[in-house]
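# Topology and contacts: notes
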Amino acid sequence: MVKNYRIAVIGGDGTGPEVVREGLKVLNVAANKFNFTYETKEFDFSGRRYLETGKLVDESDIAELKNYSAIYLGAVGDPKVKPGIIETGVLLKLRFALDQYINLRPVKLYNSVYCPLKDKLPEDIDFVVVRENSEGLYKGMGEFQNKGMKDEVAIQISHNTRKGVERCLRYAFEFTRKRNKRKKLTLCGKTNVLTFAWDLWERTFNELAIEYPDVTTDYAHVDATTMWFVKNPEWFDVIVTDNMFGDIITDLGAMIQGGMGIAAGGNINPQGVSMFEPIGGSAPKYTGQNVINPLAAICAAGMMLDTLGEVKAAKAIEDAVIKIVSTKLKSLGAGKMGYSTSQVGDLVAENL
Ligand code: IPM
Ligand code: MN
């Protein structure tokens, strides 16, 4: 039986719609080639819509999205909206309300010429960050005391539950096993200073490790992790960390794999609806110029197919991306690729 998927598409702001268009172009070719079908519906969640209507993502939107197989997101964020509103009202709202408790970010160098590190080859930079995506500092807990006064205090709490930590760690162990590369899982934390949160993380990690004797475990402080990303990225296979640290280290990860033009991620609810996105943001200054690199969005579409079970199609997309970055593109940067946004989409589609 031919499988059919329902994809909710959120183009969003800035260059989001442009890169999503290329991702859908590639998806269309993949569907024909690998014999699945899909239907899409566009959802207008964006800074632009917020400015026009005051609307963000509400409960009825969430209820509707729950009927989809996956969500494909371009980028949200408009420089005319005060920072924090769209982030909380759209992106984090979707992640939290759909309980996408894993943020999966592969860091893979496809061509060493795009790597800012000296003498690093594709085989040296090939790891995955499993970022907890529903708790920690992102829960937004805290308060002001004496706001505006000379003795003001601002408290921001990292809220970690045993349940939340355990489900993230278990996902990471399972993922490391299934990835079946070096089968090494590194916990990235800060046990030497943040002695409540990271005690819970470390204890839970060590308990679960007993159930996964085939997975080698390791621990690295987050500050040292950033150092090793630059010095010895080849040490890593899978890294698991909390929401805040994961946010920070994956931007560095994106840089060593060649930049935001190629970095994709998935917000995963293993039992529910997951959402896939290029992690680079809406890049307002490149909007509408057909110069932005769509490969991150195309790779995100590949991750979406992989998660949906279309493993062959996902692999074919990745292979096509590797082929064109090795043989065609001059750079992964916006405006420097030697091709326009839509031409890069065409190249991937033709090479599928
Ligand atoms: C990311 C982004 C978001 C985050 C912002 C836009 C809320 O930086 O996806 O990494 O902090 O998670
Ligand atoms: Mn980020």
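Conventions used here
- Residues numbered from 1 in each chain as written.
- Chains lettered and ligands numbered in written order.
- Predicted model: local features only at pLDDT ≥ 70, side-chain atom pairs only at ≥ 80, totals over all residues.
- Heavy atoms only, no water.
- Phe/Tyr/Trp six-rings, centres within 6.5 Å; stacked < 30°, edge-to-face > 60°.
- Helix = DSSP H or I, 4+ residues; strand = E, 2+ residues; numbered from the N terminus.
- Buried < 20%, exposed > 50% of the residue type's maximum accessible area, 1.4 Å probe, protein only.
- Lys NZ or Arg CZ within 6 Å of the ring centre and 35° of its normal.
- Contact = heavy atoms within 4.5 Å.
- Near = heavy atom within 4 Å.
- Polar contact = N/O pair within 3.5 Å; in protein donor to acceptor, adjacent residues only side chain to side chain.
- Areas by Shrake-Rupley, 256 points an atom, 1.4 Å probe, with all protein chains shown as cover.
- 1 Å grid on protein atoms, 1.4 Å probe; cavity = no way out; pocket = protein on both sides within 12 Å on 5 of 7 lines; lining within 4 Å.
- Sits in = over half its atoms within 2 Å of the grid points.
- Nonpolar A, V, L, I, M, F, W, Y, C, P; charged D, E, K, R; others polar.
- Domains from an automatic or database assignment.
- Buried area = accessible area lost by both parts, 1.4 Å probe.
- Salt bridge = Lys/Arg side-chain N within 4 Å of Asp/Glu carboxyl O.
- Pairing = 2+ DSSP bridges.
- Axes fitted to C-alpha atoms, helices over the stretch in contact; angles between N-to-C directions.

On to the packing of aromatic side chains. We describe a pair of aromatic rings using the distance from one ring centre to the other and the angle between the two ring planes. Across all of its chains, the model carries 12 aromatic pairs by this definition. Plain terms: the ring middles of Tyr171 and Phe175 are 6.1 Å apart, the flat faces sit at 15° to each other, and that makes the pair stacked. With Tyr171 and Phe175 both in helix H5 (residues 162-179), this residue pair falls 4 residues apart, about one helical turn. You can call Tyr171 buried: its relative accessible area is 18%. Take Phe175: its relative accessible area is 22%, and that puts it in the partly exposed class. With a centroid separation of 5.3 Å and 55° between ring planes, the pair formed by Trp228 and Trp235 is classed as tilted. Within the aromatic cluster, the residues linked to one another by ring pairs are Phe43, Phe45 and Tyr68. Just above the ring of Tyr68 sits the side chain of Arg6; from NZ or CZ to the centre is 4.5 Å. A cation over a ring is seen here: Arg131 above Tyr138, with NZ or CZ 5.1 Å from the ring centre.

What follows concerns the environment of Phe36. If you trace the backbone, Phe36 turns up in the loop between helix H1 (16-34) and strand E2 (37-42). Ignoring anything within four residues of it in the chain, the contact list for Phe36 reads Val2, Lys3, Tyr5, Leu27, Ala30, Ala31, Leu305, Glu310 and Ala313.

Looking at ligand 1, the residues that line it are Glu87, Leu91, Arg95, Arg105, Arg131, Tyr138 and Asp247. Within the side chain of Arg105, one N or O atom sits 2.8 Å away from an oxygen atom of ligand 1. Considered on its own, ligand 1 offers 320 Å² of accessible surface; in the complex 73% of this is hidden by protein. For ligand 1, the cavity whose grid points lie within 2 Å of the majority of its atoms is the second largest pocket. Here the shell around ligand 1 gets 3 residues from one element, more than from any other, and that element is helix H4 (residues 85-97). Looking at the shell around ligand 1, its residues break down into 2 nonpolar, no polar and 5 charged. Here the shell around ligand 1 gathers at least three residues from each of two domains, domain 1 (1-100 + 266-352) and domain 2 (126-256).

Now for the domain arrangement of the chain. One can read the domain layout of the chain as domain 1 (1-100 + 266-352) and domain 2 (126-256). One C-alpha centre belongs to domain 1, the other to domain 2, and the line joining them spans 25 Å. In this complex, domain 1 contributes 9 residues to the contact, which on the side of domain 2 involves 8 residues. A buried area of about 700 Å², summed over both sides, lies between domain 1 and domain 2, and 52% of it is on carbon and sulfur atoms. Run the count over domain 1 and domain 2 and you get 1 salt bridge.

To continue, consider unusual backbone geometry. Positive phi, close to 50°, is recorded for Asp99, a residue that is not glycine. Assignment of secondary structure puts Asp99 in the loop between H4 and strand E4 (102-108). Residue class for Asp99 comes out partly exposed when judged on its relative accessible area of 30%. The phi dihedral of Ala283 falls on the positive side, at around 40°, and the residue is not glycine. Note on placement: Ala283 falls in the loop between strand E12 (274-278) and helix H9 (295-308).

The next thing to look at is the sheet that holds strand E9 (residues 216-221). Across a sheet, paired strands are connected by hydrogen bonds in the backbone, their directions being either parallel or antiparallel. Strand order across the open sheet formed by 10 strands is E2-E1-E3-E12-E11-E4-E5-E10-E8-E9, with mixed pairing between neighbours. Among the strands making up the open sheet, the edge pair consists of E2 and E9. Each neighbouring strand pair of the sheet contributes to a mean axis angle of 25°, computed without reference to strand direction. The pairing of strand E8 (residues 184-189) with strand E10 (residues 238-241) spans 4 bridges and is parallel. Within E10, the residue paired with Cys188 across the bridge is Thr241. Relative to the sheet, helix H7 (residues 222-231) contacts strand E5 (126-132), E8, E9 and E10, its axis offset from that of E9 by approximately 100°.

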